[in-house]
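Each chain is listed here by its residues.
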Amino acid sequence: MFLGDTHTHSLCSPDGHNTVLEMARAASAAGLTHLCLTDHWDLVTLQGEPAYTYDWTPYNAAVAAARAALPQGLTLAQGMELGEAYENPDAARAVLAAQPGLDFVIGSVHNYRAMKDKHDFYFAEYPDHDTCQRTLEDYLGSLEEVVALPDCYDTLGHVIYPLRYINDRGPHPFSLLEGDFYERTVAILRRTAQDGKAMEVNTWRGRSIEEWIPYLRLFKSLGGELITVGSDAHTVQDVGKGIREVYQVIADCGFAYVAVYHGRKAGMEKL
């Protein structure tokens, strides 16, 4: 049975904690058959500074070393989580083109664009309704820019990302499928589907499972066919967390396959 985690980070990410080989061994121990390392390159740093270049050398070396000692029964793909590509699309395209062995690109947004000096949503406070509202308006504007660059991503990463923090720290729960946000979210996911791109179901290290149900149903209703699944693990302890459980949720929402990328081309693995 195929069991894959296609969103993980190693020491090649600024917030990673383990080597690629350690992550691969953890994936094997968790019963996975496929692992994709998607180390970060965000065109703005966690603190909001521009970062328009990327050195593939350490990452390529780490992947090559891991593949030489890969546990039996596990395949290892080479990916990237590309954040805020709209900040400099030409730079994003140049970095992607410089890596011919790249299998998979997650297009994501982690940072404010028009508020809070462009720093990561993780570092913000959410004391009141208006702050949360403006944060999500800012975020959706950035997602609209990401899906306008279809050559810069294969799957739209963790669509509900800022809700992790808003719904934990804010005054009340928010959703991207309610009120002023609904039509914009529909348009984003429709563009994703129409361009033949995937939507990622991100378990947030096993903490986000059922939250994905309405987004999966919406994506399917808009013609979306490709779903990728990742744990967002940054440590060996979190590799594969929630993958089995969310596979069942995906199946219950009417999808028969998950997408797995090689050479930036989608293959389908039966659930």
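Analysis parameters
- Residues numbered from 1 in each chain as written.
- Predicted model: local features only at pLDDT ≥ 70, side-chain atom pairs only at ≥ 80, totals over all residues.
- Heavy atoms only, no water.
- Patch = residues over 30% accessible without salt bridge, like charges linked within 9 Å, V, L, I, M, F, W, Y side chains within 5 Å.
- Areas by Shrake-Rupley, 256 points an atom, 1.4 Å probe, with all protein chains shown as cover.
- Salt bridge = Lys/Arg side-chain N within 4 Å of Asp/Glu carboxyl O.
- Helix = DSSP H or I, 4+ residues; strand = E, 2+ residues; numbered from the N terminus.
- Core = buried A, V, L, I, M, F, W, Y, C linked by side-chain atoms within 4.5 Å.
- Buried < 20%, exposed > 50% of the residue type's maximum accessible area, 1.4 Å probe, protein only.
- Contact = heavy atoms within 4.5 Å.
- Axes fitted to C-alpha atoms, helices over the stretch in contact; angles between N-to-C directions.
- Parallel < 35°, antiparallel > 145°, perpendicular 65-115°, else oblique.
- Left-handed = near helix turned anticlockwise from the far one by under 90°.
- Nonpolar A, V, L, I, M, F, W, Y, C, P; charged D, E, K, R; others polar.
- Phe/Tyr/Trp six-rings, centres within 6.5 Å; stacked < 30°, edge-to-face > 60°.
- Lys NZ or Arg CZ within 6 Å of the ring centre and 35° of its normal.
- Pairing = 2+ DSSP bridges.
- Right-handed = clockwise from strand over helix to strand, strands pointing away.

1. Some points on a nonpolar patch on the surface
- Together, Leu46, Tyr122 and Phe123 line one region of the surface with nonpolar side chains, adding up to about 290 Å² of accessible area.
- The residue Tyr122 is located in the loop between β4 (104–108) and α4 (129–147) in this model.

2. Observations concerning the nonpolar core
- Among the nonpolar cores identified, the biggest contains 81 residues, and Leu82, Met199 and Leu216 are the most heavily contacted of them.
- In terms of residues, this core owes the most to one element, α4, which gives 7 residues.
- When residues no more than four places from it in sequence are discounted, the contact partners of Met199 are Thr155, Leu156, Val159, Leu189, Trp212, Tyr215, Leu216, Phe219, Leu226, Ile227 and Thr228.
- Among the nonpolar cores identified, the runner-up in size contains 8 residues, and Cys36, Ala77, Ala198 and Tyr261 belong to it.

3. Let's talk about the packing of helix α6 (residues 182–194) against helix α7 (residues 213–221)
- The interhelical angle for the contact between α6 and α7, taken along N-to-C directions, is 55°, at an axis separation of 9 Å. Considering their axes alone, α6 and α7 lie oblique with respect to each other. In the packing of α6 onto α7, the handedness of the crossing is right-handed. Along the contact surface, α6 presents Tyr182, Val186, Leu189, Thr192 and Ala193, while α7 presents Tyr215, Leu218 and Phe219.

4. As for unusual backbone geometry
- For Arg205, which is not a glycine, the phi torsion comes out positive at approximately 60°.
- Structurally, Arg205 can be placed in the loop between β6 (198–202) and α7.

5. A short note on the packing of α4 against α6
- Look at α4 against α6: their axes get within 10 Å of each other, and the N-to-C directions meet at 20°. The angle between α4 and α6 places the two elements in the roughly parallel class. Handedness of the crossing formed by α4 with α6: left-handed. Every residue of α6 that contacts α4 at Glu137, Leu140, Gly141, Leu143, Glu144 and Val147 is listed here: Arg184, Thr185, Ile188, Arg191 and Thr192.
- Grouping the amino acids of the contact of α4 with α6 by side-chain chemistry returns 4 nonpolar, 3 polar and 4 charged.

6. Observations regarding the packing of aromatic side chains
- Within this structure, the stated rule accounts for 12 aromatic pairs.
- Seen from their ring centres, Tyr161 and Tyr165 are 5.4 Å apart, and the 85° between their planes marks the pair as edge-to-face. A single burial state applies to Tyr161 and to Tyr165, both of which are buried.
- Taken together through their ring pairs, the aromatic side chains of Tyr112, Phe121, Tyr122, Phe123, Tyr139, Tyr161, Tyr165 and Trp204 make up a single cluster.
- Taking NZ or CZ as reference, Lys197 lies 5.6 Å from the ring centre of Tyr153, over its face.
- Lys220 extends its terminal NZ or CZ atom over the ring of Phe255, reaching a point 4.9 Å from the ring centre.

7. Side note on the pairing of strand β1 (residues 4–8)
- Counting buried positions along β1 yields 5 of 5 residues, so the element is predominantly enclosed.
- Pairing between β1 and strand β2 (residues 34–42): 3 bridges, direction parallel. From the neighbouring strand, Thr8 faces β2, where its bridge partner is Leu37.
- The handedness of the β1 to β2 crossover, carried by helix α1 (residues 20–29), is right-handed.

8. Considerations on the pairing of strand β9 (residues 265–270)
- As paired strands, strand β8 (residues 257–262) and β9 are joined by 6 bridges and run antiparallel to one another. Paired with Val260 across the two strands is Gly267, which belongs to β9.
- The loop that links β8 with its antiparallel partner β9 comprises 2 residues; one of these, Gly263, has a positive phi angle of about 60°.

9. Observations concerning the pattern of salt bridges
- A full pass over the atoms with the stated rule returns 10 salt bridges.
- Notably, a salt bridge pairs Arg93 with Asp151, separated by 2.5 Å at the nearest N-O pair. On the criterion of sequence distance, the pair formed by Arg93 in helix α3 (residues 89–97) and Asp151 in the loop between α4 and β5 (155–156) is long-range, its members being 58 residues apart.
- Arg93 sits in the partly exposed class, given a relative accessible area of 33%.
- Judged by relative accessible area, which is 38%, Asp151 ranks as partly exposed.
- Linking Glu144 and Arg184 is a salt bridge whose minimum nitrogen-to-oxygen distance equals 2.8 Å. Remark: Arg184 occurs in helix α6 and Glu144 occurs in helix α4; sequence separation between them is 40 residues.
- Relative accessible area serves as the criterion here: at 33%, Glu144 is assigned to the partly exposed category.
- Here the residues in one salt-bridge network are Asp90, Arg93 and Asp151, joined through shared partners.

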